[in-house]
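Fold and contact review
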Amino acid sequence: MNDFAMPPAPTSFDGLRVTVMGLGRFGGGVGVTRWLVERGANVLVTDMAPAEKLAEPLSDIDDLVRRGVVRTRLGEHNVSDFTDTDVVIANVAVPKPWENRFLRAAQAARVPVTTEIRLTIDRLPARERTIAITGSAGKSTTSAMIHHALRTLGLPTAFGGNIGGSLLPEIERGAIARETRVVLELSSAMLHWLGDWSPRVAVFTNFSPNHLDWHGTLEHYRASKVRILRAQRPGDAAILGPTLSLTPEDEPLPTGVTRTKLPSGAGVHGLWLPGEHNALNAAVACEAVLALEPAVARAEVEGAVRTFRGLPHRLELVLEHAGRRYFNDSKSTTPESTLLAVRSFEDASKVHLIVGGYDKGSDLGPVAMLAPSLGGLYTIGKTGPTIAARAREAGGFVHEAGEVASAVRAASARMRAGDLLLLSPACASWDQFPNYEARGELFARECRAIAENRR
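Just so you know, these numbers come straight off a predicted model, no measurement behind them. (Residues numbered from 1 in each chain as written. Predicted model: local features only at pLDDT ≥ 70, side-chain atom pairs only at ≥ 80, totals over all residues. Heavy atoms only, no water.)

With that settled, consider the overall build of the protein chain. Counting its secondary structure elements, the protein chain contains 18 helices and 17 strands. Taking 23 Å as the expected radius of gyration for a compact globule of 455 residues, we find that the protein chain reaches 22 Å, a close match to that expectation. Projected onto its principal axes, the C-alpha coordinates of the protein chain cover approximately 65 × 50 × 40 Å. Out of the 455 residues in the protein chain, the part that is buried amounts to 58%. Within the protein chain, contacts between residues at least 6 apart in sequence are counted, and of these 72% link residues at least 24 apart. When the accessible surface of the protein chain is split by element, carbon and sulfur atoms take 48% of a total near 18500 Å². Distance between charge centroids for the protein chain: 1 Å, based on 51 positive and 50 negative side chains. (Helix = DSSP H or I, 4+ residues; strand = E, 2+ residues; numbered from the N terminus. Rg over C-alpha atoms; globule rule 2.2 N^0.38 Å. Buried < 20%, exposed > 50% of the residue type's maximum accessible area, 1.4 Å probe, protein only. Contact = heavy atoms within 4.5 Å. Areas by Shrake-Rupley, 256 points an atom, 1.4 Å probe, with all protein chains shown as cover. Lys, Arg positive; Asp, Glu negative; His and termini not counted. Charge placed at Lys NZ, Arg CZ, Asp CG, Glu CD.)

Following this line, the structure appears as structure tokens:
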């Protein structure tokens, strides 16, 4: 698994020098930086991005910098910051961390390396009230459904992990107590760093190739995902999606773990969200809640899930105008999730689809092959030309837009009443945007601008 053989991270940070590797343009390091300062650490935040690209997260720690308790090194890393320090907090977004020369330098110097998610896990007051969710597609929506259902049922609940932000400050101020149910969305990178930890209720929705740029190989990606199950204990529960197939090498469940594999065609209907895949997400969410709270009636849990209205950037209806609908599914960063998004609508010939972005090494052929069945395919970003070339071979209308704004204009010019425009890129956003949120927000703005111009 290419793990670090590292000394354990300290339990107390008072007076320690701590290097936070990666503030992140989305502010991933902000929460852990503030938490470290509150615990008496002297923090250096270092990021390869220059200050002008980190304006928003830097503003969130500006008071700490002015107080002198946080220093920054931006636009570069310095090896000495990783060797002449007491501990390194690595950003899980750093690909192939076992090859990263700065983390390898820390390892050689016997400096402990850990992550925000590991610090969080180690400080949760009650593992037995924790649900963690992973999967190649649908994990954000499933996680949010679980969180929503628990809250709707009147149970104290916290939601964190890959969804964004940090739970460390909430733990520090006592907002997460022993009776708090904790819902964690976990990426494959987080699971790689967590290593020997599994939750009381583990949810593994599905598996398909993804994030090969981070893991290097499909085998490493799969092994990282399976870690969510490996350290479960007797009395724990595992909820597995119907398409998930575990090989003999994967089989991680110890004796005494209750396994629930959802049957093909499982689903909870009557949802606000379109698509059979969301009906399946809801069924998975219900099983997870019932595994954690067996005394609650299934009908109550399903009723709670049915009130979930969705997350931003996940098949989000952003506009209806002149008989046309505009959906923001910017969170779709895999071909599989884009295929599911298109299938959410009864008539693909009315779907105008915007795809493309950063190249994660996924096979985008299935997305290109959608072209003949669509109202139109509009490509953006680095992978756009490749998708467009393959789509033209299949037939259908294909337009290389390059950028989101151009794609929205081109599609809107061709759409008729009853048609819909769907941003579901099948790729990450990092070639043109700091994150998928920024991509989705631009899409929504451009759609509204089109509508205003038509009035």
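Let's shift gears to the packing of helix H7 (residues 139–152) against helix H12 (residues 276–292). Helix-helix packing is described using two parameters, namely the angle between the two axes and the distance between the axes. Where H7 contacts H12, the axes come no closer than 9 Å and their chain directions differ by 50 degrees. One element, H7, and the other, H12, form an angle in the oblique class. Both H7 and H12 take part in a crossing whose hand is right-handed. On H12, the residues touching Thr-141, Thr-142, Met-145, Ile-146, Ala-149 and Leu-150 of H7 are Asn-278, Asn-281, Ala-282, Val-284, Ala-285, Ala-288 and Val-289. Grouping the constituent residues of the contact of H7 with H12 by class yields nine nonpolar, four polar and no charged. (Axes fitted to C-alpha atoms, helices over the stretch in contact; angles between N-to-C directions. Parallel < 35°, antiparallel > 145°, perpendicular 65-115°, else oblique. Left-handed = near helix turned anticlockwise from the far one by under 90°. Nonpolar A, V, L, I, M, F, W, Y, C, P; charged D, E, K, R; others polar.)

Moving on: the environment of Arg-390. Note on placement: Arg-390 falls in helix H16 (residues 384–394). For Arg-390, a relative accessible area of 37% translates into the label partly exposed. Note: C-alpha distance between Arg-390 and Pro-366 (24 residues apart in sequence) is 9.6 Å. Here Arg-390 is in contact with Asp-363, Leu-364, Gly-365, Ala-368 and Met-369, once residues within four sequence places are set aside.

Looking now at the sheet that holds strand E16 (residues 398–402). With respect to topology, six strands assemble into an open sheet ordered E12-E13-E17-E14-E15-E16, the strand pairing being mixed. The two strands at the open ends of the sheet, each matched to only one other strand, are strand E12 (316–321) and E16. Taken pair by pair, the neighbouring strands of this sheet meet at an average axis angle of 20 degrees, ignoring direction. Sheet topology places strand E15 (residues 376–380) next to E16; four bridges connect them, and they run parallel. (Pairing = 2+ DSSP bridges.)

It is worth spelling out the nonpolar core at this point. Of all hydrophobic cores here, the largest spans 40 residues; its most connected members are Met-21, Val-88, Leu-103, Leu-184, Leu-186 and Leu-229. At the level of secondary structure, the elements contributing two or more residues to this core comprise strand E4 (87–90), helix H5 (101–108), helix H6 (116–123), strand E8 (181–185), helix H9 (188–194), strand E9 (201–204), helix H11 (218–230) and strand E10 (237–240). Dropping the residues within four chain positions of it, Leu-184 is found in contact with Ile-121, Leu-124, Thr-130, Ile-131, Ala-132, Ile-133, Gly-160, Gly-161, Leu-167 and Trp-197. (Core = buried A, V, L, I, M, F, W, Y, C linked by side-chain atoms within 4.5 Å.)

Okay, the pairing of strand E7 (residues 157–161) next. Among the five residues of E7, five are classified as buried, and the element is accordingly described as predominantly covered. Residue alternation in E7 divides its side chains into two sets, Thr-157, Phe-159 and Gly-161 and Ala-158 and Gly-160, and both sets are buried. Strand direction decides the pairing type here: E7 and E8, joined by five bridges, are parallel. Bridge pairing in E8 links Thr-157 to Arg-181.

Take the packing of H12 against helix H13 (residues 298–306) next. At a minimum axis separation of 10 Å, H12 and H13 run at an interaxial angle of 135 degrees. Regarding the angle of H12 to H13, the classification is oblique. At the point where H12 passes H13, the crossing takes the right-handed sense. Packed against H12, whose contacting residues are Ala-282, Cys-286, Glu-287, Val-289 and Leu-290, the element H13 presents Arg-298, Val-301, Glu-302 and Val-305 at the interface. Partitioning the contact of H12 with H13 into residue classes produces six nonpolar, no polar and three charged.

Next up on the list: H6. Counting buried positions over the eight residues of H6 gives seven, a clear majority of the element. Restricting attention to buried positions, one finds in H6 the residues Glu-116, Ile-117, Arg-118, Leu-119, Thr-120, Ile-121 and Arg-123.

Taken in spatial order, the six strands of this open sheet run E7-E8-E6-E9-E10-E11, and their pairing is parallel. Two strands in the sheet have a free side with no partner beyond their single neighbour: E7 and strand E11 (258–261). In this sheet, neighbouring strand axes are inclined to one another by 15 degrees on average, regardless of whether the strands run parallel or antiparallel. Where E10 lies against E11, four bridges are found, and the strand directions are parallel. Within the sheet, the bridge partner assigned to Ile-239 lies in E11 and is Thr-260. Running at roughly 150 degrees to E9, H11 makes contact with strand E6 (130–134), E9 and E10 of the sheet.

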